[in-house]
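Summary of structural features
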Amino acid sequence: MPVEAFDEVSSLAAEIAEAPLALVCEVGGGRAVWRGVAGAHAVDAPGLETPVMDSVCALVVDADGPVVVAHTAADVASAGRGVV
């Protein structure tokens, strides 16, 4: 799927959530790859790769259901992650 399609999904997610930043990440093999992004730093983000455990994606991988983080920098579980 082209990066533009992932960017469109990210834009829609940001709009619905009224969020300044939204990401679509592919998680596997211990890594998270940003496939689409909308908002702050959007130009540099697609293709950025980070270890899953250093990303907010780890919260989703470890969860039994949906994960909602209102403010990643203020949330105890996500604040220490590398890209926050």
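Residues numbered from 1 in each chain as written. Predicted model: local features only at pLDDT ≥ 70, side-chain atom pairs only at ≥ 80, totals over all residues. Heavy atoms only, no water.

One pass over the full model with this rule turns up two salt bridges. In this structure, the salt-bridge partner of E26 is R35, at a minimum N-O distance of 2.7 Å. We classify E26 as partly exposed; its relative accessible area is 41%. Assessed through its relative accessible area of 27%, R35 is described here as partly exposed. E49 serves as the salt-bridge partner of R31, at 2.9 Å between the closest nitrogen and oxygen. Here R31 is found in strand 2 (residues 31-39), whereas its partner E49 is found in strand 3 (residues 49-51), with 18 residues between them in sequence. (Salt bridge = Lys/Arg side-chain N within 4 Å of Asp/Glu carboxyl O. Buried < 20%, exposed > 50% of the residue type's maximum accessible area, 1.4 Å probe, protein only. Helix = DSSP H or I, 4+ residues; strand = E, 2+ residues; numbered from the N terminus.)

So, on to the side chain of S55. Mapped onto the fold, S55 is located in the loop between strand 3 and helix 2 (57-62). Overall, S55 belongs to the buried group, its relative accessible area being 2%. A distance of 2.8 Å separates a polar side-chain atom of S55 from the backbone oxygen of V52. Apart from residues no more than four positions distant in its own chain, S55 is found in contact with A32, T50 and R81. (Polar contact = N/O pair within 3.5 Å; in protein donor to acceptor, adjacent residues only side chain to side chain. Contact = heavy atoms within 4.5 Å.)

As a further point, take the sheet that holds strand 3. Strand order in the open sheet formed by three strands is 1-2-3, with antiparallel pairing between adjacent strands. On the outer flanks of this sheet lie strand 1 (21-28) and strand 3, each paired with one strand and no other. With direction set aside, neighbouring strand axes in the sheet form an average angle of 35°. In this sheet, strand 3 lies alongside strand 2 in antiparallel orientation, the contact comprising three bridges. Note on strand 3: the bridge partner recorded for R31 is P51. Each of strand 1 and strand 2 touches helix 1 (residues 3-17); the most contacted strand, strand 2, lies at about 65° to it. (Pairing = 2+ DSSP bridges. Axes fitted to C-alpha atoms, helices over the stretch in contact; angles between N-to-C directions.)

Limitation: the analysis is restricted to geometry and does not speak to function.
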